[in-house]
Amino acid sequence: QVHLVESGGGLVQPGESLRLSCVTSGFDFSTKGMKWYRQAPGKEREFVATISAHGDFVRVADFGKGRFAISRNNLQSTVYLQMNNLKPDDTAVYYCGVWGDDDSWGQGAQVTVSS
């Protein structure tokens, strides 16, 4: 029932920026916290950021502090991840999810940071 579709990934050079979007449907988006995770090949999925239902609380993983920001538009049922000053270590598939629901994830957006 929960449907999550990430977009906005791509290939960028170190120091450049990307803005990921996750368009949702199938649930009451405005009542749910949202989260971003990422997974690099051969690595475990790791937490990136989370935002509360109305955007009043946010948390970003240590590696993203000062570079990444999470936001949401409840009228469009969409959550965003702004990523600035990207590093090669940020290369991964980025997944959108519902906070507290470990069973629902998007298909993922590939982010590749390389010269």
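Within every chain, residues take consecutive numbers counted from 1 along the sequence as written. Local features in this predicted model are restricted to residues whose pLDDT is 70 or higher, and side-chain atom pairs enter the listing and the counts only when it is 80 or higher, whereas totals over whole chains, interfaces and linings include all residues. Note that water and hydrogens are dropped before the side-chain values are worked out from all heavy atoms of the structure.

## Notes on the overall build of the protein
- Counting from the N terminus, the helices are the DSSP runs of H or I reaching at least four residues and the strands are the DSSP runs of E reaching at least two. Scanning the protein for helices and strands turns up 0 helices and 10 strands.
- Listing every helix and strand of the protein by position from the N terminus yields β-β-β-β-β-β-β-β-β-β.
- Two things to know: the radius of gyration comes from C-alpha atoms, and the globule rule equals 2.2 Å times the number of residues to the power 0.38. Its C-alpha atoms give the protein a radius of gyration of 13 Å, within 12% of the compact-globule value 13 Å for 115 residues.
- Evaluated residue by residue, the protein yields a buried proportion of 43% over its 115 residues. Type-normalised accessible area, obtained with a 1.4 Å probe on protein chains alone, sets the label of each residue: buried when under 20%, exposed when over 50%, and partly exposed for intermediate values.

## Considering the environment of Val-5
- Mapped onto the elements of the fold, Val-5 is located in strand E1 (residues 3-7).
- Owing to a relative accessible area of 33%, Val-5 belongs among the partly exposed residues under this scheme.
- Note on definitions: a residue-residue contact is assigned when non-hydrogen atoms from the two residues lie within 4.5 Å. Val-5 has contacts with Ser-21, Cys-22, Val-23 and Gln-107, leaving out every residue within four places of it along the chain.

## Quick notes on the sheet that holds strand E4 (residues 34-39)
- DSSP bridges decide pairing: two strands pair if at least two such bridges lie between them. The strand order across the open sheet built from 6 strands is E2-E10-E9-E4-E5-E6, with neighbouring strands paired in mixed fashion. Edge strands, defined here as strands with exactly one partner in the open sheet, are strand E2 (10-12) and strand E6 (58-60). The sheet shows a mean angle of 25° between the axes of neighbouring strands, taken without regard to direction.
- Pairing between strand E5 (residues 46-51) and E6: 3 bridges, direction antiparallel. Bridge pairing in E6 links Ile-51 to Val-58. Interaxial angle, 0 to 180 degrees, is taken between N-to-C directions of lines fitted to C-alpha atoms, where a helix line uses only the stretch in contact.

## Examining the nonpolar core
- Nonpolar cores were defined as sets of buried Ala, Val, Leu, Ile, Met, Phe, Trp, Tyr and Cys residues, with membership established by side-chain atoms within 4.5 Å. In terms of nonpolar packing, the biggest core is built from 26 residues, with Met-34, Trp-36, Val-79, Leu-81, Met-83 and Tyr-94 touching the most fellow members.
- For this core, the secondary structure elements donating two or more residues are strand E3 (18-25), E4, E5, strand E7 (68-73), strand E8 (78-83), strand E9 (92-98) and strand E10 (109-113).
- By residue number, the principal contributor to this core is E9, which donates 4 residues.

## Regarding the state of the cysteines
- Here, the term disulfide refers to a pair of cysteine sulfur atoms separated by no more than 2.5 Å. The full count for this structure, using the stated rule, is 1 disulfide.
- For Cys-22, the disulfide goes to Cys-96, at an S-S distance of 2.2 Å. Negative torsions about the S-S bond denote left-handed disulfides, and the value of about -80° found for Cys-22 with Cys-96 makes this one left-handed. Of this pair, Cys-22 sits in strand E3 while Cys-96 sits in strand E9; the two residues are 74 residues apart in sequence, bridging distant segments of the chain. The residues Cys-22 and Cys-96 share a single accessibility class, namely buried.

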